[in-house]
Amino acid sequence: MKRSKEKGKSHSTRPAGMEAPKWVNYKPEDVENLVVNLARRGFSPSMIGIILRDQYGIPLVKAICGKTVTEILRENNLLPSIPEDLSNLIKRAEKVKRHLEEHPKDKSSRRGLQLIESKIWRLIKYYKAKGMLPKDWKYEFSGLKTVKLR
């Protein structure tokens, strides 16, 4: 079973080298302050990276500071309690659940919800093993009837 999306791979490409580019005029302390300020304004770690890339011309925080955005946030106690990828999947599942309440016969969305929730369960298992989530952390299952697929 293929678990990745099958719709292509449109995304930005990471810089090739791990050294800071010569044209970046920011010092590591300046970049860390930018990351902390953006986190205090409520931006997620991935959004912080996008803002730094697009508005400040900083291609990769790790190349300049030697630390990732999440490491900087962890040092300053600004890291969200739930990892970003897990919270995004939970939000997606909630949207599909709301859709299924209005359209209960939408079988493809029901199957999509099953796939999303299986990704959630895999991530929860991984983050509990890594210690990034407490052992007693729970995700409530949707409670929708499962659909038999041919």
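About the cut-offs
- Residues numbered from 1 in each chain as written.
- Predicted model: local features only at pLDDT ≥ 70, side-chain atom pairs only at ≥ 80, totals over all residues.
- Heavy atoms only, no water.
- Helix = DSSP H or I, 4+ residues; strand = E, 2+ residues; numbered from the N terminus.
- Contact = heavy atoms within 4.5 Å.
- Areas by Shrake-Rupley, 256 points an atom, 1.4 Å probe, with all protein chains shown as cover.
- Axes fitted to C-alpha atoms, helices over the stretch in contact; angles between N-to-C directions.
- Parallel < 35°, antiparallel > 145°, perpendicular 65-115°, else oblique.
- Left-handed = near helix turned anticlockwise from the far one by under 90°.
- Nonpolar A, V, L, I, M, F, W, Y, C, P; charged D, E, K, R; others polar.
- 1 Å grid on protein atoms, 1.4 Å probe; cavity = no way out; pocket = protein on both sides within 12 Å on 5 of 7 lines; lining within 4 Å.
- Points joined across faces, edges and corners; volume = space filled by probe spheres on them.

Trainee: I'd like a rundown of the overall build of the protein chain, residues and numbers included.
Mentor: Summing up its helical and strand segments, the protein chain has 6 helices and 0 strands in all. Mapped in sequence order, the helices and strands of the protein chain form the string α-α-α-α-α-α. Look at the contacts in the protein chain between residues 6 or more apart in sequence, and 65% of them connect residues 24 or more apart. Entry remark: accessible area of the protein chain is about 11,200 Å², with carbon and sulfur atoms responsible for 52%.

Trainee: Quick one: what's the story with the packing of helix H1 (residues 28-40) against helix H2 (residues 45-56), residue by residue and with numbers?
Mentor: Packing of H1 against H2 leaves a shortest axis separation of 10 Å and a crossing angle of 120 degrees. Comparing their axes, H2 and H1 come out oblique. Every pair of crossing elements has a handedness; the one defined by H1 and H2 is right-handed. Contacts between H1 and H2 pair Leu-34, Val-35, Leu-38 and Ala-39 from the former with Ile-48, Ile-51, Leu-52 and Tyr-56 from the latter. Looking at the contact of H1 with H2 residue by residue, the classes come out as 8 nonpolar, no polar and no charged.

Trainee: Describe the layout of surface pockets, naming the residues involved and giving the relevant values.
Mentor: The volume enclosed by the largest pocket comes to roughly 620 Å³. Around the largest pocket, the lining comprises 19 residues; the ones closest to its centre are Arg-14, Ser-46, Gly-49, Pro-59 and Leu-60. Elements supplying a minimum of two residues to the lining of the largest pocket: H2, helix H3 (61-65) and helix H4 (69-75). Ranked by residue count, the leading element in the lining of the largest pocket is H2, at 6 residues. Looking at the lining of the largest pocket residue by residue, the classes come out as 9 nonpolar, 6 polar and 4 charged.

Trainee: Describe the packing of helix H5 (residues 84-102) against helix H6 (residues 107-130), and please don't skip the residues or the numbers.
Mentor: It is the contact of H5 with H6, at a shortest axis distance of 9 Å, that shows an interaxial angle of 155 degrees. With respect to their mutual orientation, H5 and H6 come out roughly antiparallel. Considering the relative orientation of H5 and H6, their crossing is left-handed. Between H5 and H6, the residues in contact are Asp-85, Leu-86, Leu-89, Ile-90, Arg-92, Ala-93, Val-96, Lys-97, His-99 and Leu-100 and Ser-109, Arg-110, Leu-113, Ile-116, Glu-117, Lys-119, Ile-120, Leu-123, Ile-124 and Tyr-127, respectively. Looking at the contact of H5 with H6, its residues break down into 12 nonpolar, 2 polar and 6 charged.

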